[in-house]
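# Summary of the model geometry
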Amino acid sequence: MNIKPAQLTLSQWQERYAQLKAAGLQEPAYGGPLLRHANQGDKRLGCLKFDNSPAALHLWNFLLTEEDRLRQHRADGKLIIGTMKDLGTVPILVDSFDDMVAFYPDGAWWTPCLKQMHEGLFEIAAQHGLDESFCPVRAMVGAFVNGKHFPIPDALICSVGATCDDFSVAAQRVESLGHPIFWWEMPHRRTPSTTESSVALSCGFIAPQYQIDHLRRQLQQIQQFLEHKAGRALHPDKLRQMIRNVNHIRRIFRDIQQLCFTAPVAPMGSLELLIVEMLMIHFCSDMAQTEWILDALLSEIRTRINNAEGILPADAARIFWVNPVADLYAMNLLEECGGRLCGTEFLFAHALEPIADHDDPLTALAHMALSDPMAGSAFDRAELIARKIRQFGSEAVVISRIPGASHCASEGRIISRWIQDNLALPVIEIEVPTLSDSYRPSLQTRLEALIETVKTRRKP
Amino acid sequence: MMPVWYNCPFVPAELITACGLSPRRFDADTADFCAAQTEGICFAVETFLTGLKKQTSPYAVIFTTLCDQMRRAFDLYQANGGKNGFLLNVPVTIGPDAVALFAEELRQMEQFLGHLSDHTAQFDTINTDAPHLKSSKPQKNSRAKIALIGGPVYACQLAALEHSLENRGAIVLNAAENAVEEFRRPLNPQALKIDPYVELAAAYLQTIPSIRTRPGHLFYQWLQTQLQTTAVDGIILIRHPFCDHWRGVEYQLRQRPLPPVLAIEWNGSPQVAALSRLEAFLEMLGR
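Owing to the predicted nature of the structure, the values given are computational and were not obtained by experimental measurement.

What counts and how
Residues numbered from 1 in each chain as written. Chains lettered and ligands numbered in written order. Predicted model: local features only at pLDDT ≥ 70, side-chain atom pairs only at ≥ 80, totals over all residues. Helix = DSSP H or I, 4+ residues; strand = E, 2+ residues; numbered from the N terminus. Rg over C-alpha atoms; globule rule 2.2 N^0.38 Å. Buried ≥ 20, exposed ≤ 12 C-beta atoms within 10 Å, placed from the backbone. Pairing = 2+ DSSP bridges. Axes fitted to C-alpha atoms, helices over the stretch in contact; angles between N-to-C directions. Contact = placed C-beta atoms within 7 Å.

## Section: the overall build of chain A
Of regular secondary structure, chain A possesses 18 helices and 12 strands. Relative to a compact globule of 460 residues, whose C-alpha radius of gyration would be 23 Å, chain A shows 21 Å and is just as compact. When its C-alpha atoms are laid out on the principal axes, chain A stretches across 55 × 55 × 45 Å. The proportion of buried residues among the 460 residues of chain A is 56%.

## Regarding the sheet that holds strand E9 (residues 317-322) of chain A
Residues and elements named next belong to chain A. Ordered in space as E10-E9-E11-E12, the four strands form an open sheet in which the pairing is parallel. Only two strands of the sheet have a single neighbouring strand rather than two, namely strand E10 (339-345) and strand E12 (427-431). Ignoring which end each strand starts from, the neighbouring axes of this sheet average 30 degrees apart. Relative to E12, strand E11 (residues 396-401) runs parallel, the two sharing five bridges. Looking at the pairing, Val-398 lines up with Ile-428 of E12.

## Here's the deal with helix H3 (residues 43-53) of chain B
Most of H3(B) sits out of view: nine of its 11 residues are buried. Buried residues of H3(B): Phe43(B), Ala44(B), Val45(B), Glu46(B), Thr47(B), Phe48(B), Leu49(B), Gly51(B) and Leu52(B), and no others.

## Here's the deal with the sheet that holds strand E3 (residues 60-64) of chain B
Residue and element names in this part refer to chain B. In space, the four strands of this open sheet follow the order E2-E1-E3-E4, with parallel pairing throughout. Every interior strand has two partners, whereas the edge strands, strand E2 (22-25) and strand E4 (85-88), have only one. The average undirected angle you get between the axes of adjacent strands in this sheet is 25 degrees. As defined by bridge partners, strand E1 (residues 3-6) adjoins E2 across four bridges and the pair is classed as parallel. When the bridges of E2 are listed, Val-4 appears paired with Pro-23. Contacts from helix H4 (residues 68-79) reach E3 and E4 within the one sheet, and its direction differs from that of E3 by about 145 degrees. Strand contacts of helix H5 (residues 96-117): E1, E3 and E4, with the helix running at about 170 degrees to E4, the strand carrying the most contacts.

Structure, rendered in structure tokens:
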């Protein structure tokens, strides 16, 4: 069935789904029509536009069935390990154990958006002292209290130190609710002095050697903690193999990004690209399925590019987006305003880059952990963004502030000024709340102004 | 001697002195608060940056990573052309690994300071006594005994608070952020000779109470221990706008078997609403 690439509403997807099934679409166990998720409470889906490919269908179904998957893992006797805040490192260690699976309770920050705030997580968080002055990650506290959005993990591991204050406070509240946490210390990544031993990291950062040594010790303690939970030791070869698997998936992901961000016509929507990127943090609790979906998406994207097909006009402004959005709809809005996603920095670049090929797998993971953009200065992050902008040829930058987040007010200003001074690109800062509907006119105006500026700058 | 400004209890002033420089603990005045207006930025951070801008003679400054906002303040300082700044990584866990990490950070800080003063630290000059614990004056029984936490609570705020308490209440335990280094243990002269960085790191990191320390119950345990030796009728928590950590503490305090808590978000000068709440609090305490 040769269907042109397009974006569909949820109801349009019903018809498309019926067509695909009639044409013999094979789906994994978590497959089915997207509408069922909305009927089960994910109301925000009704406001979104989705890519019409089977690969995108699999992607969405995979994302929206993680809770079922976790419950099945538990039923199968696996331990569920809640990894918190580090965004990518500890799950690799956890998933190296056959009988453990990692997931991020942090992901609950999107639940109020998906449920259009009908689930009451923010209200519960407020009852436990975390009001709207905290970033949407406070929803995690509500999810631990009502136990309705993920199975309560068998153990929790959380990074602290060079992290945001909101998360540190929210995680502490989780612990005070009776969920013990294994805390590990993430140092602020410092620029090494000329006299000290330093290491180059994967995202282009440099750090002092002693910070790597410290992180290796921290990761070793996490490994010992997990071994105690598992009742057996982890052979380093298992971890080495896991790192190879992760690097393989990351390679597919980077191919997807490179193709999508540089194609003359956008072959895939911003929303799907955001979701794919999010999968890279912990593979949505199933690494094999993540690889399968990424392969399917990559194949679809290649076909579209070869056919010179896409989903947006060829003149769409190429926008680099900084920070994840609390409201998924913001990605659709960017496209409605005439933009397309051409570069992202969603705070976990360290989960996308290849993990260093090091004899000692824990040292390799220490390198990865210290490459976290949030662990360093705003200048480090601005330079990382600049490297990606050059790689993808982005024409403008949107810095999307996360409401209440401790880092956004200062970091956004610095990154904005740095980009303007060094790359002479137009930059806007916007704040995207969990449900942006009432802010839509102002967000739209600002995005349209940016895109108009981009198009004006193209004129000779 | 070049002044070295800092505003965090985990900065060892002894190390600054040992490097031949003059430690200066920052204390905001009311005008600094008036300048603190940026949405989303903690007023304690912004007053610090404002206060630094007012300096007319050369100085150095130590920022710390104790909270994310202060960590970012170092970025803002640099972005605005600030010179002679150092960011000290203060761990929030307190185990042996954290002490080792902090010791290495102090070594880096000493190199930074030594570069400014042109000589290395003279560790044998370090005073190993415990910090001077300011004893509270004997209180009339009629006055409510108050423990003060939160902050940092600057002198202008403290004076305004004491003025507001008048003769109905008195602060008998000051555990505000800029006062807690008084609770640090004395330095061990022998350990200081063996490895001064490790000894300073251990003394500061493991005995100065902080709400940022994880696990968080350590702070509440410390507070409860203090309240067993210093009886108080009520606790006043002063927090700055946009400070997540102290905002997060308020609820937890109320869940614990502690004296009544009054939380005031105070941006410098006493506000009518804050004073009214203080009045009500004192009334509630029977004063």
